[in-house]
Amino acid sequence: MSRLLVTGGAGFIGSNFVHHVLGNTGHSVTVLDKLTYAGNLHSLDGLDPARFTFVQGDIADAELVDGLFADHDAVVHYAAESHNDNSLNDPRPFLDTNIIGTYTLLEAARKHGTRFHHISTDEVYGDLELDDPERFTENTPYNPSSPYSSTKAGSDLLVRAWVRSFGVQATITNCSNNYGPYQHVEKFIPRQITNVLRGERPKLYGKGENVRDWIHADDHSAAVLTVLDKGVIGETYLIGADGEKTNKDVVEEILEYLGQPRDAYDLVTDRAGHDLRYAIDSTKLRTELGWAPRFSDFSAGLANTIDWYRENEAWWAPSKAGVEEFYAAKGQ
Ligand code: NAD
Ligand code: TDX
């Protein structure tokens, strides 16, 4: 049994991981989260107070971080500014949190000798052509496109340097696009579901031809726990569930499930520098550590996610109007 510190645990994927750990292991968890616009304490409702503690604070606050590292056996680092569209609007918070925040945590890991797991994204590898037979592997060169993905790439490189130069006991995972309950309505799938639930039309960037490789957040959490338990220090593992879909296919499925015509969407202004396609080859994680995804049926996972948004309007409604105002100002 370990004491885990989870940064960004009030966000979409971090909160999923906290529920996963408390439900499937004997570990206790402390969440360190700044509660930015993306954090929501209701995503952590119902956890056992004997095994769960919440601390509000910034990962770039060295004094706070130092005290927390002293009291924990391992750290799983999810906290980030995570949305590409926001990074095109105002990159600064991405540098502060993703770069300086990660640096602050690494310095604490170095001082205390703490096991450190860094959560990252497949976007560090840039994008692929639609017909490229190759997928991303651990050996693909870094080639990030956006302010968001470049700061995530920078944070990965900091972790690698702290392993090599200072012997920090770290692992890294780079995962593909996550979906599931509790995802902020700024992101693609929740935005389109909640648009349809509100009687608005889904908004596809460009022609809707871009491809994302979808994985259920529960599968991501199980993979992270596997790497935390069995991963080799200094190694990187890619996480993916063979879930490639065009954005148009996803929107059509949402519309159909909610009883609307499959073509009842709008094509809107494309994202600047929009990555065309991501695709993950997760052979290393599967063969070396024995992980496999459980949600192999995307349509079933999407249907459950749509049901969750239908039943949990109180969770997402407070953010919806502000998000749509932001997009409307950009013609999206
Ligand atoms: P999210 O935006 O939903 O949550 C981020 C959380 O971090 C929020 O609770 C926020 O309050 C917190 N946070 C932000 N800045 C902070 C700071 N300075 N100090 C402390 N807390 C802070 O993000 P998410 O989608 O859950 O992503 C979590 C992690 O997973 C990120 O590192 C992201 O890069 C990575 N990732 C996401 C995806 C995806 O599809 N969403 C895929 C691969 C990797
Ligand atoms: O309204 C929209 N219409 C649209 O067509 C929005 C919000 C998005 N899109 C497109 C852009 C992308 O091709 O949908 C796709 C997915 O968009 P996002 O949900 O913004 O995700 P993406 O940019 O792919 O990044 C996500 O996956 C990797 C996460 O936000 C990142 O944190 C993660 O690293």
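Residues numbered from 1 in each chain as written. Chains lettered and ligands numbered in written order. Predicted model: local features only at pLDDT ≥ 70, side-chain atom pairs only at ≥ 80, totals over all residues.

K.L.:
Explanation requested: the nonpolar core in the structure shown.
P.N.:
One recurring pattern in soluble globular proteins is that nonpolar side chains are buried together. If you look at the biggest cluster of nonpolar residues, it comprises 77 residues, and the most contacted ones within it are V6, V76 and A109. If one sorts the elements of this core by residue count, helix 7 (residues 217-230) sits on top with six residues. When residues of this core are assigned to domains, at least three fall in each of domain 1 (3-178 + 215-239) and domain 2 (185-211 + 244-277 + 297-326). Once residues lying within four places of it in the same chain are set aside, the contact partners of V6 are G14, F17, V18, V29, V31, V76 and Y78. (Core = buried A, V, L, I, M, F, W, Y, C linked by C-beta atoms within 7 Å. Buried ≥ 20, exposed ≤ 12 C-beta atoms within 10 Å, placed from the backbone. Helix = DSSP H or I, 4+ residues; strand = E, 2+ residues; numbered from the N terminus. Domains from an automatic or database assignment. Contact = placed C-beta atoms within 7 Å.)

K.L.:
What am I meant to see in the site of ligand 1 here?
P.N.:
Lining the immediate surroundings of ligand 1 are 30 residues, of which G8, G11, A38, G39 and A80 lie closest. Counting residues per element, the shell around ligand 1 draws most heavily on helix 1 (residues 12-24), at three residues. For the shell around ligand 1, the per-class residue count stands at 12 nonpolar, 13 polar and five charged. (Near = placed C-beta within 6 Å. Nonpolar A, V, L, I, M, F, W, Y, C, P; charged D, E, K, R; others polar.)

K.L.:
Got a minute to help me understand the sheet that holds strand 2 (residues 28-33) in this structure?
P.N.:
For sheets, the rule is that strands pair by backbone hydrogen bonds, running either parallel or antiparallel. Taken in spatial order, the seven strands of this open sheet run 3-2-1-4-5-6-11, and their pairing is parallel. Two strands lie at the open edges of the sheet, namely strand 3 (52-56) and strand 11 (236-239), each paired on one side alone. Taking each pair of neighbouring strands and ignoring which way they run, the sheet shows an average axis angle of 20°. Pairing geometry for strand 5 (residues 115-121) and strand 6 (residues 170-175), over six bridges, is parallel. Among the inter-strand pairings, H118 is bridged to a residue of strand 6, identified as I172. On the sheet, helix 5 (residues 147-166) packs against strand 5 and strand 6 and is oriented at approximately 155° with respect to strand 5. (Pairing = 2+ DSSP bridges. Axes fitted to C-alpha atoms, helices over the stretch in contact; angles between N-to-C directions.)

K.L.:
Is there a simple way to think about the domain arrangement of the chain in this case?
P.N.:
Interface size is commonly expressed as the accessible area that is lost once the parts come together. What the domain assignment reports for the chain is domain 1 (3-178 + 215-239) and domain 2 (185-211 + 244-277 + 297-326). A straight line from the C-alpha centre of domain 1 to that of domain 2 covers 25 Å. Residue-level contacts link 14 residues of domain 1 with 11 residues of domain 2. In the side of domain 1 that touches domain 2, the residues fall into three nonpolar, seven polar and four charged.

K.L.:
Honestly, the packing of helix 6 (residues 188-197) against helix 10 (residues 298-311) in this entry has me stumped. Any pointers?
P.N.:
Between two packed helices, the angle of one axis relative to the other and the distance separating the axes together describe the packing. For the pair helix 6 and helix 10, the least separation of the axes is 10 Å and the interaxial angle reads 55°. Classed by the angle they form, the pair helix 6 and helix 10 counts as oblique. The element helix 6 and its partner helix 10 pack so that their crossing is right-handed. Along the contact surface, helix 6 presents I189, P190, I193, T194 and L197, while helix 10 presents T305, I306, Y309 and R310. (Parallel < 35°, antiparallel > 145°, perpendicular 65-115°, else oblique. Left-handed = near helix turned anticlockwise from the far one by under 90°.)

K.L.:
Is there a simple way to think about the site of ligand 2 in this case?
P.N.:
If you check the shell around ligand 2, you find 16 residues, and the closest are S82, T121, K187, F188 and Y205. The greatest single-element share of the shell around ligand 2, amounting to three residues, is contributed by strand 8 (residues 203-205). When the residues that make up the shell around ligand 2 are grouped by side-chain class, the tally is three nonpolar, seven polar and six charged. Each of domain 1 (3-178 + 215-239) and domain 2 (185-211 + 244-277 + 297-326) contributes no fewer than three residues to the shell around ligand 2.

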